[in-house]
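Fold and contact review
Chain by chain, the residues run as shown.
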Amino acid sequence: MAKSRNTAPPMDRPTTPESSVRSKPNSLTPRTPKEDPDARQVGINHRRKAVAEAMVHEILECSVETFLDHYAPFKPSPDSIEAICQKLKHEGLLVPTTHLTHAKDAPMQPPQSEDSFGWNDLEGCTPSKIIGTEQGIFKTIEEIVEAVVEPSSGTNDHVDGHRPNYQYKDCPNGNMIGEIQGATFRLDACIIPKNSPSAESTTVNTWEAAVIAEFKRGEQSEIDNRKQLVSAASFIMNDDPRRMWMYGITIEDASMSLWYFSRSHSVKSLPFDFTKDYRAFVHVFLSFLYAEPDKMGFDPTVHRVFLKDKNRKEKTHYIYEIGPRNNPQFYRTTRAIFNPDVLCITGRKTRVWEAVRVAGHYPGQYSQALNGGRKYAIKNVWLNEGARTEREILNAVFTRLAEVSENPPDYDWSSESLQAVITEALRDGNYKKYFMNIVTDSRGFSCRAPPQGVRHNSKILWESLKELTPAQISRATDHRSSQRESASLSGSMRFRESPNNWSQQPLLEREYKAKQQYRLVYSDVGQSLHNSKDFPTAFHAIQDVFIALVLLFLANWMHRDVSTGNIIVIEKNGKVSGKLSDLEYAKEFCSDQAPAKDPKTGTPFFMPYEMHSGQKIYIQPPVAPTRSDFTGGPSAQRPVYVANQFQEETLIFRFSYDLESLWWIMLWFFLARLNHLSAYNLARCVFTYGIRPSDMRGTIFKTGSGTSIISTAIAPELTAIYPLAEQIRVQLLISHAQVSPNSQDYAILYGTYWWYLCHMVTDVEPLKDLPFIDVENPDTRPTVATDGEKSLRPSTDAHDDAPYVPNSDSRVPKRPDDNTVEGGEEGSSKRQRTIADTVKARHRHPSNMGHRIYTP
């Protein structure tokens, strides 16, 4: 007869979202959300689904033996494993299978060998065959693990000279609480530090959970079980900046699998039967319980500390050690500038903090700021091991520019003003002011590279890819990394693309190179361009970054990832300047370069059209226009677009591509930042997140004239200014007629671009009081939900790498209050709901959607 247990009634699974509510960027104190339970459950399910879609192609698979040999944080000796097994047998936890009472529907089998033992508490049954609650059945594991580390009478608890640093905690009814607001969720079990305050508490802090576990009684629930684990791991690694990697365990019936999550790759072991293979079970828990914190993935150079604020309330801060290991500098975080909730664990995972320099990480040292409390910006990012760092690239660029300043090229820039600006920039090293100044930097620890024998298995998180919709497949194959900075604004409404553009291209081949931490300190604390508050500020910054791109051209370098997140706006003494940052993807130009096997990424909003589509633009030589939109400028020419060839081609990044990305940024400001419905609707068609550009994006960029489409959509205040941007687009398109443009060709393009850009900067000055619709509003109300779903409070920080945005796939229905009086007053001032109402609640900017895709 099946075994029955006297256990508590079954409890529901999580009722609080892992990330349905996120804090303002500077909120680092745990909070418990108060949303409706149904809405919170919707948030949980949405995030799990989103993580699974994002990571369906990111999970590798290996044997248990490979996992324990390559990934395990501690390797116990065979003698130690055998000694623990003998102890368990001596204490009656392991008994011969002939002594076990089996369920009638699982007939007892004769022992396979004299070493056939099983767990006494399970009596030879698998969890699915035991009568009782899931929680009660898997409570057995906690009892066994406690026996593994409990010293026998007359012995000590050493294993190969090590004492246990961690302990197992069964916690199916306890909330796990993180630093990010709304971080409450549940797990079945976890491994936490020895003597942790969480050991006796009903709650577990996410920053203590070194290993997380999810259990299911039946194998039919294995996909859901894995989604729960991967979603929790994604959240914890977003939440805790000390995490370099972490571990997980899943059990479906008797099948136990081990998981390793890192920025390089994630891997799941093949399952083993923990009810029979007791040696593997013991090996697994010895590996976890006796490991050192740094081997478990906790960075020893990031310290979590507490300080009381002006209200005497404790706040969490982090002390970063940056610089030489033997003589580091210490920086205490004061607020998070960018800490995105990315879905894919694999990737760059950029974090940016405002910080002050302190004396050390011990009490009394980190409370006192040095240098008069001067604020710095710290960036932490994961790069491919051995890749050039931003500082190394900047030094190479500056070295080359120093040589150029000694012997400047005799280019005809077709613009005297640009010639004057470049001459001044090359004098006395003035070119450095166009880039972010790095105070110090250092490389950190590396993740493991995948060993031989691992393989992809897309069915780990999805039983059949045929069940995915085209949009889900598009997102699943949308390889992402973490680079965009967050906007401190609320909500997101995903700009959708036409189903005709959903691509189901084969998965790009990946090498999953080992990734290494890289940290740097900027001397200035600014804000990203997409956070700028008015047109004059934005376009002054764009103008400065254009000069930075010209300087890169003179140094023979290309940025290759120009976006609003990589343009930093600095305001000092009432003056605005723009600086170019994030040069990790920058590369020296080489006409015969070959695509990398581990391709780089870009933000689809601003990617050059050819790189985004993978198809070369073919146009006839330009012809003279019938009329000019304005006089006094460079001679305008209009190309005649022919057609794309249908086959995909190997494309080499060109200098003009960086300029094109800057043009897409300007177009985004024209279409998406003002309270104008027709412009917003057009922006939804142009700026999409897919791995292929939308039809409208191609129509606007490739045709001889896109003026009529955009000019009729943009706000009236911009109709006299946009033709300048249109002329820039035409000149960029003309450049495609040149198969192999030389340096002088590029110089003319830069000069023409500069002429129109300068006029735009002048013309937007009167628009200073024209407000952007996505003004930061901490009190923004929850977003509109789809029919049948509860409203969820939107995120107050945006993400780049497959971001979690509740209800982001849904259309925005008309709300009951569409015709309410503005300001809530009665009267005749009723109006139709405008795009400002929607976008203020569901902020739209490119970093917030942040889906990044790979290109050669």
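Quantities reported herein were computed from a predicted structural model and do not represent experimental measurements.

Rules used in this analysis
Residues numbered from 1 in each chain as written. Predicted model: local features only at pLDDT ≥ 70, side-chain atom pairs only at ≥ 80, totals over all residues. Heavy atoms only, no water. Helix = DSSP H or I, 4+ residues; strand = E, 2+ residues; numbered from the N terminus. Buried < 20%, exposed > 50% of the residue type's maximum accessible area, 1.4 Å probe, protein only. Pairing = 2+ DSSP bridges. Contact = heavy atoms within 4.5 Å. Axes fitted to C-alpha atoms, helices over the stretch in contact; angles between N-to-C directions. Patch = residues over 30% accessible without salt bridge, like charges linked within 9 Å, V, L, I, M, F, W, Y side chains within 5 Å. Areas by Shrake-Rupley, 256 points an atom, 1.4 Å probe, with all protein chains shown as cover. Salt bridge = Lys/Arg side-chain N within 4 Å of Asp/Glu carboxyl O. Lys, Arg positive; Asp, Glu negative; His and termini not counted. Charge placed at Lys NZ, Arg CZ, Asp CG, Glu CD. Core = buried A, V, L, I, M, F, W, Y, C linked by side-chain atoms within 4.5 Å. Nonpolar A, V, L, I, M, F, W, Y, C, P; charged D, E, K, R; others polar. Expected span 1.5 Å × (residues − 1). Parallel < 35°, antiparallel > 145°, perpendicular 65-115°, else oblique. Left-handed = near helix turned anticlockwise from the far one by under 90°. Phe/Tyr/Trp six-rings, centres within 6.5 Å; stacked < 30°, edge-to-face > 60°. Lys NZ or Arg CZ within 6 Å of the ring centre and 35° of its normal.

Right, let's get into unusual backbone geometry. One non-glycine residue, K349, adopts positive backbone phi at about 45 degrees. Within the element layout of this structure, K349 appears in the loop between strand 16 (329-338) and strand 17 (351-358). For K349, a relative accessible area of 0% puts it in the buried group.

Spatial ordering of the open sheet is given by 22-24-25, a layout of 3 strands whose pairing is antiparallel. On the outer flanks of this sheet lie strand 22 (527-528) and strand 25 (575-580), each paired with one strand and no other. Direction of pairing for strand 24 (residues 567-572) relative to strand 25: antiparallel, over a ladder of 6 bridges. From the neighbouring strand, V569 faces strand 25, where its bridge partner is G578. Helix 10 (residues 535-554) contacts strand 24 and strand 25 of the sheet and is inclined by roughly 40 degrees relative to strand 25.

The subject of this paragraph is a negative patch on the surface. Among the surface-exposed residues, E91, E143, E146 and E150 lie close enough to one another that they form a single negatively charged patch. Note that E146 resides in helix 4 (residues 134-149). Looking at E146, the relative accessible area reads 43%, which means it is partly exposed.

To continue, consider the environment of G360. Along the chain, G360 falls in the loop between strand 17 and strand 18 (375-384). Spatially, the C-alpha atom of G360 lies 8.1 Å from that of Y331, the residues being 29 residues apart in sequence. In contact with G360, other than residues within four places in its own chain, are I319, F330, Q365 and Y366.

The 7 strands are arranged 14-15-16-17-18-21-19 in an open sheet whose pairing can be described as antiparallel. In this open sheet, the two edge strands, each paired with only one partner strand, are strand 14 (302-308) and strand 19 (438-446). Neighbour to neighbour, the strand axes of the sheet diverge by 35 degrees on average, direction disregarded. Strands in contact with helix 7 (residues 390-406) are strand 18, strand 19 and strand 21 (515-522); relative to strand 19, the strand with the most contacts, it is inclined by about 135 degrees.

Turning next to the side chain of R263. Along the chain, R263 falls in the loop between strand 11 (255-262) and strand 12 (266-269). Overall, R263 belongs to the buried group, its relative accessible area being 2%.

Right, let's get into the pattern of salt bridges. Throughout the structure, instances matching the rule amount to 22 salt bridges. One salt bridge connects K139 with E142, and the closest N-O pair in it is separated by 2.4 Å. With K139 and E142 both in helix 4, this residue pair falls 3 residues apart, about one helical turn. With a relative accessible area of 32%, K139 lands in the partly exposed category. The shortest N-O distance in the salt bridge between R443 and E392 comes to 3.2 Å. Of this pair, R443 sits in strand 19 while E392 sits in helix 7, placing them 51 residues apart in sequence. Beyond isolated ion pairs, a larger network of salt bridges with shared partners links R348, K379, E390, D582 and E584.

This part is about the side chain of S661. Position of S661 relative to the elements: it lies in helix 12 (residues 655-672). S661 sits in the buried class, given a relative accessible area of 3%. With residues up to four places along the chain from it excluded, the contact list for S661 reads V562, F606, M607 and P608.

Membership of the largest hydrophobic core comes to 109 residues, with the highest contact counts inside it found for F546 and W663. Sort the elements by how many residues they give to this core and helix 10 lands first, with 15 residues. Counting 63 residues, the second-largest nonpolar core is a separate cluster that includes A147, V148, F298 and W382.

This paragraph deals with the packing of helix 12 against helix 13 (residues 677-686). The contact between helix 12 and helix 13 brings their axes to 8 Å, and the two run at 145 degrees. Here W664, L667, F670, L671 and A672 of helix 12 lie close against helix 13, whose contacting residues are A679, Y680, L682, A683 and V686. Class assignment for the residues of the contact of helix 12 with helix 13 results in 10 nonpolar, no polar and no charged.

Along its 13 residues, helix 3 (residues 78-90) runs 18 Å from first to last C-alpha, staying within 8% of the 18 Å computed at 1.5 Å per residue. Along helix 3, the positions that sit buried rather than exposed are S80, I81, I84, C85, K87, L88 and K89. Against the buried residues of helix 3 lie strand 2 (94-96), strand 3 (117-119), helix 4 and helix 6 (278-289). The first or second residue beyond helix 3 is G92, which carries a positive phi of 85 degrees.

One way to put it is that helix 3 packs onto helix 4 with a least axis distance of 9 Å and a crossing angle of 120 degrees. When the axis of helix 3 is compared with that of helix 4, the two are oblique. Two packed elements cross with a definite hand, and for helix 3 against helix 4 that hand is right-handed. Residues I84, K87 and L88 of helix 3 lie in contact with helix 4, whose contacting residues are A147, V148 and V149. In terms of residue class, the contact of helix 3 with helix 4 is built from 5 nonpolar, no polar and 1 charged.

Another aspect to go through is the packing of aromatic side chains. Scanning the model with the defined rule gives 46 aromatic pairs in all. For the ring pair W664 and F687, a centre distance of 6.3 Å and an interplane angle of 80 degrees mean the geometry is edge-to-face. Placement of the pair is W664 in helix 12 and F687 in the loop between helix 13 and helix 14 (695-702), with a sequence separation of 23 residues. You can call F687 buried: its relative accessible area is 0%. Note that R304 overlies the ring of W207, its terminal NZ or CZ placed 3.6 Å from the centroid. Stacked on the ring of W664, the Lys or Arg R697 has its end atom at 3.8 Å from the ring centre.

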